[in-house]
Amino acid sequence: MAPLLATIEHAVKKPVWDCRMCGQCVLHSTGFTCPMTCPKTLRNGPCGGVREDGSCEVDPSMTCVWLKAYGRARRLPGHLGDGVDELRPPVDNRLQGTSSWVNLATGRDRALPDGWRAAAEAAEATGAAEAAPTGPAAVEVPR
Amino acid sequence: MNLAELLTAPEPHRPAVTAEFPAVDGGGLEAVAAHAARLAPYVDALNATDNPAAHAHASNVAVAIALRRLGLEPVLQVACRDKNRLAAQADIAGAALHGVTTVCCMTGDDVTAGDEPESRRVFDLDGPQLVRTAAVMAGGAYLSGRPLTPAPPLFIGAVENPGAPPFHERATRALKKVEAGARFLQLQICYRPERLSAFCERAEAEGVTPAAALLPTVALVKGARALRYMDTKVPGISIPQDVIERVEKAPDEREASYEVSLELARDALAQPGVRGIHITDFRHDETLGRLCSDLGLPTMRSAPGEDAVAV
């Protein structure tokens, strides 16, 4: 069942978004622009190598994926595009090739390493501005 | 006063100066000491680079430890291009073991920028994710949650490019890094002061500053050829043609390019949230000292430690 869904998902998303089947889809928070099509597979915004004309450092024939992502996310109505500013966690490389629909339904795509999850919860609790004032950032990880 | 103290004091004591340490390939620790002796009097910390411009060199960790042994403060650059998350954490923990606790996290330029473009690019993490990974380590755990005891007292920074598109999103991306744990941001070389000031103003409005200290980069170059090279060959850096021509047509190119750098440095230091400058010295001469002197910054620091460089 799961492989069948992965095949269907790929058939639908490949032509539309050039989906790379990372198995942890974030299209909804990137203005429906797949960050895995960035040659560096960056999930949190553009690198510093974007060229003057907005083209990609690695492949000048393409527009920076994140230039498109920000542009599209900001044009979405209401708060639909706000997700673009969220810190997305590292990719779980084990999910490559699996169906993100299945992983969404089971919650598998939201499983995080304990260290990251604790840091995310701490940031959520304190709010960025308060978390920031002075000194090294420290995150308490429950043992 | 170390870099963390300088950059996080509620009232800035004076602007901080950091500089890129030249890439080292061999020559033993004497080679490191020779570069260090030239730069040390003028800087608070030196960046131990991580395969800059995608060229292999003596490793960031090795050079950082060497600088520490010389009594200087290294900034350990960690890039995402060549190493996965395991290796990045190992480098940070390993360097901290030697007292290297200032870390600057970056995505890194692509392998195609270097002399081994056939390499596999890694990018297992991206820049903001690496920042948070370092913050997790500073909190006493690896990314997995496995305890890291005692927790390394890391002072974590990142980079941002105020001069590359999408200009109006650069501050929001910087904010993401601050939220992840960055407390200083070394900014890419920028020859367009209007872009730098727009970035700094937006960074202030977004709350990037004063949470994080901004350190714009100023390059010291020999002449117009270097400017033209940067403009055409380094993605993310754009230099106005009139600046290049001004240097090119000057009777003394070295002097003219120095004047350009001095103007940019003065302008950078006047921007909101800026707490120092970062220097990339392509001249390898006495210019850094002259720049610090002209900016009214200290030009004579002592280096503690037994085998410290004489400054």
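What counts and what doesn't
Residues numbered from 1 in each chain as written. Chains lettered and ligands numbered in written order. Predicted model: local features only at pLDDT ≥ 70, side-chain atom pairs only at ≥ 80, totals over all residues. Helix = DSSP H or I, 4+ residues; strand = E, 2+ residues; numbered from the N terminus. Buried ≥ 20, exposed ≤ 12 C-beta atoms within 10 Å, placed from the backbone. Contact = placed C-beta atoms within 7 Å. Pairing = 2+ DSSP bridges. Right-handed = clockwise from strand over helix to strand, strands pointing away. Core = buried A, V, L, I, M, F, W, Y, C linked by C-beta atoms within 7 Å. pLDDT = per-residue confidence, 0-100.

(A) Structural context of the overall build of chain A. For chain A, the helix and strand inventory stands at five helices and zero strands. Along chain A, helices (α) and strands (β) appear in the sequence α-α-α-α-α when read from the amino end. Counting every position in chain A, which comprises 143 residues, the buried fraction comes to 38%. For chain A, contacts bridging at least 24 residues in sequence account for 52% of all contacts bridging at least 6.

(B) Summary view of the pairing of strand 4 (residues 102-106) of chain B. Residues and elements named next belong to chain B. Of all five residues in strand 4, five are buried, a share of seventy percent or more. Here strand 4 shows two buried faces, one formed by T102, C104 and M106 and the other by V103 and C105. Both strand 3 (residues 74-79) and strand 4 contribute to a ladder of four bridges, which runs parallel. Each bridged residue has a counterpart across the sheet, and for L76 the counterpart in strand 4 is V103. In terms of handedness, the path from strand 3 via helix 4 (residues 85-97) over to strand 4 forms a crossover that is right-handed. What joins strand 4 to strand 5 (residues 155-160) is helix 5 (residues 127-138), and the crossover it makes is right-handed.

(C) A look at the interface of chain A and chain B. Across the boundary between the two partners, chain A contributes 43 residues, which contact 49 residues of chain B. When residues of the side of chain A that touches chain B are assigned to their parent elements, the largest contribution, six residues, is made by helix 4 (residues 114-126) of chain A.

(D) Molecular detail of the nonpolar core. Core analysis: the largest hydrophobic core is formed by 105 residues, its most contacted members being L46(B), L67(B), L76(B), C105(B), A134(B), I156(B) and L185(B). Dropping the residues within four chain positions of it, L76(B) is found in contact with A48(B), N60(B), V61(B), A64(B), A95(B), V100(B), T102(B), V103(B) and C104(B). Within the second largest apolar cluster, 14 residues are counted, among which are V50(A), C64(A), A69(A) and V84(A).

(E) Broad picture of unusual backbone geometry. Residue and element names in this part refer to chain B. Following P165, the chain continues to P166 via a peptide bond in cis, the omega torsion being -5 degrees. For P166, the location among the structural elements is in the loop between strand 5 and helix 6 (170-180). For the peptide bond that leads from T209 to P210, omega is 5 degrees, which places it in the cis range. At F123, a position not held by glycine, the phi torsion is positive, near 45 degrees.

(F) Focus on the confidence of the model for chain A. Residue and element names in this part refer to chain A. Chain-level statistics for chain A give a pLDDT mean of 87 and a share of 88% at 70 or above. For chain A, helix 5 (residues 128-131) is the element with the lowest average pLDDT, namely 46, and helix 2 (residues 65-75) is the one with the highest, namely 96. Residue range residues 128-137 is modelled with pLDDT below 50. Its contacts to residues more than four positions away, or to other chains, number 24 contacts.

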